Amino acid sequence: MPHLDSAFNLARWLTHGNQEAEDIVQEAFLRAFKFFDSFHGDNGRVWLLGIVRNTFYTWYQQNKQQSQYTQYEDDLHSSEASFYRSAEESNPEAILMQKDSQRLLQEALRELPIEFREVMVMRELEDLTYKQIADIIQIPMGTVMSRLGRGRKQLAAILAAKTQQGGSQ
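An account of the accompanying structure is given in this report. Model, not experiment: these values are computed from the prediction.

Conventions adopted
- Residues numbered from 1 in each chain as written.
- Predicted model: local features only at pLDDT ≥ 70, side-chain atom pairs only at ≥ 80, totals over all residues.
- Heavy atoms only, no water.
- Phe/Tyr/Trp six-rings, centres within 6.5 Å; stacked < 30°, edge-to-face > 60°.
- Helix = DSSP H or I, 4+ residues; strand = E, 2+ residues; numbered from the N terminus.
- Buried < 20%, exposed > 50% of the residue type's maximum accessible area, 1.4 Å probe, protein only.
- Lys NZ or Arg CZ within 6 Å of the ring centre and 35° of its normal.
- Salt bridge = Lys/Arg side-chain N within 4 Å of Asp/Glu carboxyl O.

1. Section: the packing of aromatic side chains
One pass over the structure, following the stated rule, counts 3 aromatic pairs. Pairing Phe 56 with Tyr 57 gives two aromatic rings, centres 5.0 Å apart and planes at 70 degrees, and the pair type is edge-to-face. Centre to centre, the rings of Phe 56 and Trp 59 are 5.9 Å apart; their planes meet at 35 degrees, and the pair counts as tilted. Pair noted here: Phe 56 and Trp 59 are both in helix H3 (residues 44-62), with a separation of 3 residues, about one helical turn. As far as the burial class goes, Phe 56 and Trp 59 line up, both buried. Grouping aromatic residues by their ring pairs yields a cluster made of Phe 56, Tyr 57, Trp 59 and Tyr 60. The ring of Tyr 130 has Arg 123 lying over it, and the distance from NZ or CZ to the ring centre is 5.4 Å.

2. Some details on the pattern of salt bridges
Under the definition given, this model contains 8 salt bridges. Residue Glu 27 pairs with Arg 31 through a salt bridge whose shortest N-O separation is 3.3 Å. Of this pair, Glu 27 and Arg 31 both sit in helix H2 (residues 18-34), 4 residues apart, which is roughly one turn of the helix. By relative accessible area, which is 34% here, Glu 27 ends up partly exposed. Since its relative accessible area comes to 26%, Arg 31 is described here as partly exposed. Here Arg 53 ties to Glu 118 by a salt bridge, and the two come within 2.9 Å at their closest N and O atoms.

3. Considerations on unusual backbone geometry
The phi dihedral of Asp 127 is positive, around 60 degrees, even though this residue is not glycine. Mapped onto the secondary structure, Asp 127 falls in the loop between helix H6 (114-125) and helix H7 (130-137). For Asp 127, a relative accessible area of 58% corresponds to the exposed category. Phi at Gln 138 takes a positive value of approximately 65 degrees, unusual for a residue other than glycine. The residue Gln 138 is located in the loop between H7 and helix H8 (141-168) in this model. We classify Gln 138 as exposed; its relative accessible area is 69%.

On their own, these measurements won't tell you what the molecule is for.
As structure tokens, this is what we get:
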């Protein structure tokens, strides 16, 4: 249970929907419970996030025909609480600008292909190490670094395009 928030955060970013994320996390926890005897590592969080990721891909393959995801509108990101604490001390214009920046970043992150989005979420939002991400995804650490680099470049390009669109309207 101590890793429930991380599991839900990863599932929500992968699926774009709270209901789907809840289903995936529930299934992942059932799988983790069922196979707990096979866990011989020292990092339960990495093990659980690997199960969440695998559960997502199983769900994704089963629902590929219905690839229209529910629009992710909730502001349930883990940094929201700190945003509101700092926003209370700001002026209204700063609050709106900060909220708009956060919205643009979330939209841009959702537009990344899954293979880049998942490593970005694990590294930047869940603060996992490259090694932990490599263990979860079961790819070489160099591939993790490459995906992060490419994901960051794509994210920057998406943000630049969105910022330019916003300024021209």
